[in-house]
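Breakdown of the fold
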Amino acid sequence: MAVATERQDPGPAAAGVRRGGAPPGPRRRGPGAHGRARLIGAAPYLLLLPALAVTAVLLGWPLIKNGLLSFQNLNMRQLIQHLTEWNGVDNYRETLTSEDFWRVTLRSVIFTAANVVLIMVLGTLVGLLLARLGSKMRLLLSVGLVLSWAMPPIAATTVFQWLFATRFGVVNWVLDALGWHSMAHYNWTGGQFSTFFVITLLIVWQSIPFVAINLYAATTTIPGELYEAAALDGAGTWKSFASVTFPFLKPFLLATTFLEVIWVFKAFTQVFAINEGGPERLTETLPVYAFVEGVGNQHYGMGAAISLLTIVVLLALTSYYLRIVLRQEEDEL
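On a predicted model such as this, the values are computed, not experimentally measured, just so you know.

Let us look at the overall build of the chain. Along the chain, the regular secondary structure elements total 14 helices and 0 strands. Burial analysis of the chain (333 residues in total) assigns 32% to the buried set. Within the chain, contacts between residues separated by at least 24 positions form 65% of all contacts whose residues are at least 6 apart in sequence. Entry remark: accessible area of the chain is about 21600 Å², with carbon and sulfur atoms responsible for 68%.

Right, dumping it as structure tokens:
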């Protein structure tokens, strides 16, 4: 009686043994596989090349030209006669030994610190308010914030000039109507502190929307269970903010403060357009000081040197701030 047996497939390993006497080794990649892997690894850097090229052309090249200009004695005579007079580091020496430069530098640092503190405190409060409002009121407030943020700086400056005008300004009219009759024709740009008050209001008003809207977006990432647990533990509003909200928002607040320091320190349009650094150049910050010395007084080499020193001061401020942030992160770890 014949018995039918099922034929088993020897499999690829057995076939390899039968044909070549040894099992097949691992599959080797062809010469093109390494090239493709290398291309895939370099893809992110290749995608960055257009942006880096544009940055180098629009920022790097003007910075190099400005650096070369800072070592020249350039005024209207040299421009008209197309002369290039190199004077070495005379522009830097004259600037660094000038009391006006250090006075303006101190003024710029104090001005930046005051504005950044106000922006961060008020922006945080408005952002937390957005998180507490209902959908309709939140939408209304968000639209108002976006409109104030989107207004061009020169247009916003013009509006503030109208508001604080001496004769027909709304602010003076309101103060006069409230009983402060001495403010009826008050000149807000006639003194140093009153001019800085108007400039600070303008810069803070334009900066709060950025902080508030982004902070509200950050609050939406906080799990609601944490607030419920804090409420069960008897935490009030302040305790809940300190133990739940602030730890989650701390990275955002640190990064936003860093950006605001840069934005306020280099603010030029608002400071110059309000009163051109007046009265008597008492409200000049470093960007305005560089412009007035370079373009206003036609000392273009001197203005270039001051602008580069302004960048150095800004880098020193930001590096000091970053060192504090990194030290705090190390202490937390």
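This is not the end of the story, as more comes after the structure.
On to the UniProt feature "transmembrane region" (unreviewed entry) in the chain. The UniProt feature table records "transmembrane region" (unreviewed entry) at residues 45–64, 109–131, 143–165, 252–274 and 300–322. Helix makes up 100% of residues 109–131 and strand makes up 0%, while its end C-alpha atoms are separated by 33 Å. Helix and strand shares over residues 300–322 are 100% and 0% respectively, and the end C-alpha atoms of the span are 33 Å apart.

Two aromatic rings, taken as a pair, are described by how far apart their centres are and by the angle between their planes. Applying the stated criterion across every chain, the model contains 15 aromatic pairs. Ring geometry for Phe160 against Trp205: centres 5.7 Å apart, planes inclined by 50°, an arrangement best described as tilted. You can see Phe160 sitting in helix α7 (residues 153–163) and its partner Trp205 sitting in helix α9 (residues 192–219), a full 45 residues away along the chain. By relative accessible area, which is 9% here, Phe160 ends up buried. Counting every residue linked through ring pairs, the aromatic cluster contains Phe160, Phe164, Tyr186, Trp188, Phe197 and Trp205.

Residue Gly278 is joined to Pro279 through a cis peptide bond whose omega torsion reads 5°. Tracing the backbone through its elements, the reader meets Pro279 in the loop between α12 (269–275) and α13 (286–296). For His82, which is not a glycine, the phi torsion comes out positive at approximately 55°. Position of His82 among the secondary structure elements: in the loop between α3 (76–81) and α4 (90–96). Its relative accessible area of 71% is what places His82 among the exposed residues.

Let us look at the packing of helix α6 (residues 135–150) against α9. To describe two helices that pack against each other, one gives the angle between their axes and the distance between the axes. For the pair α6 and α9, interaxial distance at closest approach is 8 Å and the crossing angle is 135°. If you check the angle between α6 and α9, you find them oblique. Our pair here, α6 against α9, has a crossing hand that is left-handed. Here Arg138, Leu145, Val146, Ser148 and Trp149 of α6 lie close against α9, whose contacting residues are Trp205, Gln206, Pro209, Phe210, Ala212, Ile213 and Tyr216. Here the residues of the contact of α6 with α9 sort into 9 nonpolar, 2 polar and 1 charged.

Before going further, it helps to examine the environment of Phe252. Residue placement: Phe252 occurs in helix α11 (residues 237–265). The residues contacting Phe252, other than those within four sequence positions of it, are Val211, Asn214 and Leu215.

Let us now look at the confidence of the model for the chain. Taken as a whole, the chain shows an average pLDDT of 85; of its residues, 88% reach a score of 70 or greater. The spread of mean pLDDT over the elements of the chain runs between helix α1 (residues 11–20), the lowest at 48, and helix α5 (residues 99–132), the highest at 94.

Now for the nonpolar core. Core analysis: the largest hydrophobic core is formed by 33 residues, its most contacted members being Phe111, Ile119, Val198, Ile199, Ile203, Leu253 and Val264. At the level of elements, α5, α7, α9, α11, α12 and α13 are the ones that each hand at least two residues to this core. Per element, the largest residue contribution to this core is 11 residues, and it comes from α9. Val198 has contacts with Phe160, Phe164, Trp188 and Ile274, leaving out every residue within four places of it along the chain. Grouped together as the second largest cluster of nonpolar side chains are 14 residues, Tyr92, Ala305, Ile306 and Leu308 included.

A separate point is the side chain of Arg107. Residue position: Arg107 is located in helix α5. Look at Arg107: it is buried, it has no salt bridge, and the nearest opposite charge is Glu284 at 5.4 Å. Those residues in contact with Arg107 that sit more than four places away from it in its chain are Gln192, Phe196, Arg281, Leu282, Thr283 and Glu284.

In this section: α5. In this model α5 runs 50 Å from its N-terminal to its C-terminal C-alpha over 34 residues, within 8% of the 50 Å that 1.5 Å per residue would give. Two to three positions downstream of the cap, the backbone nitrogen of Asp100 sits 3.3 Å from a side-chain oxygen, assigning the N-cap of α5 to Ser98.

Criteria and cut-off values
Residues numbered from 1 in each chain as written. Predicted model: local features only at pLDDT ≥ 70, side-chain atom pairs only at ≥ 80, totals over all residues. Heavy atoms only, no water. Helix = DSSP H or I, 4+ residues; strand = E, 2+ residues; numbered from the N terminus. Buried < 20%, exposed > 50% of the residue type's maximum accessible area, 1.4 Å probe, protein only. Contact = heavy atoms within 4.5 Å. Areas by Shrake-Rupley, 256 points an atom, 1.4 Å probe, with all protein chains shown as cover. UniProt positions renumbered as here; feature names shortened; annotations may be inferred. Phe/Tyr/Trp six-rings, centres within 6.5 Å; stacked < 30°, edge-to-face > 60°. Axes fitted to C-alpha atoms, helices over the stretch in contact; angles between N-to-C directions. Parallel < 35°, antiparallel > 145°, perpendicular 65-115°, else oblique. Left-handed = near helix turned anticlockwise from the far one by under 90°. Nonpolar A, V, L, I, M, F, W, Y, C, P; charged D, E, K, R; others polar. pLDDT = per-residue confidence, 0-100. Core = buried A, V, L, I, M, F, W, Y, C linked by side-chain atoms within 4.5 Å. Lys, Arg positive; Asp, Glu negative; His and termini not counted. Salt bridge = Lys/Arg side-chain N within 4 Å of Asp/Glu carboxyl O. Expected span 1.5 Å × (residues − 1). Polar contact = N/O pair within 3.5 Å; in protein donor to acceptor, adjacent residues only side chain to side chain.

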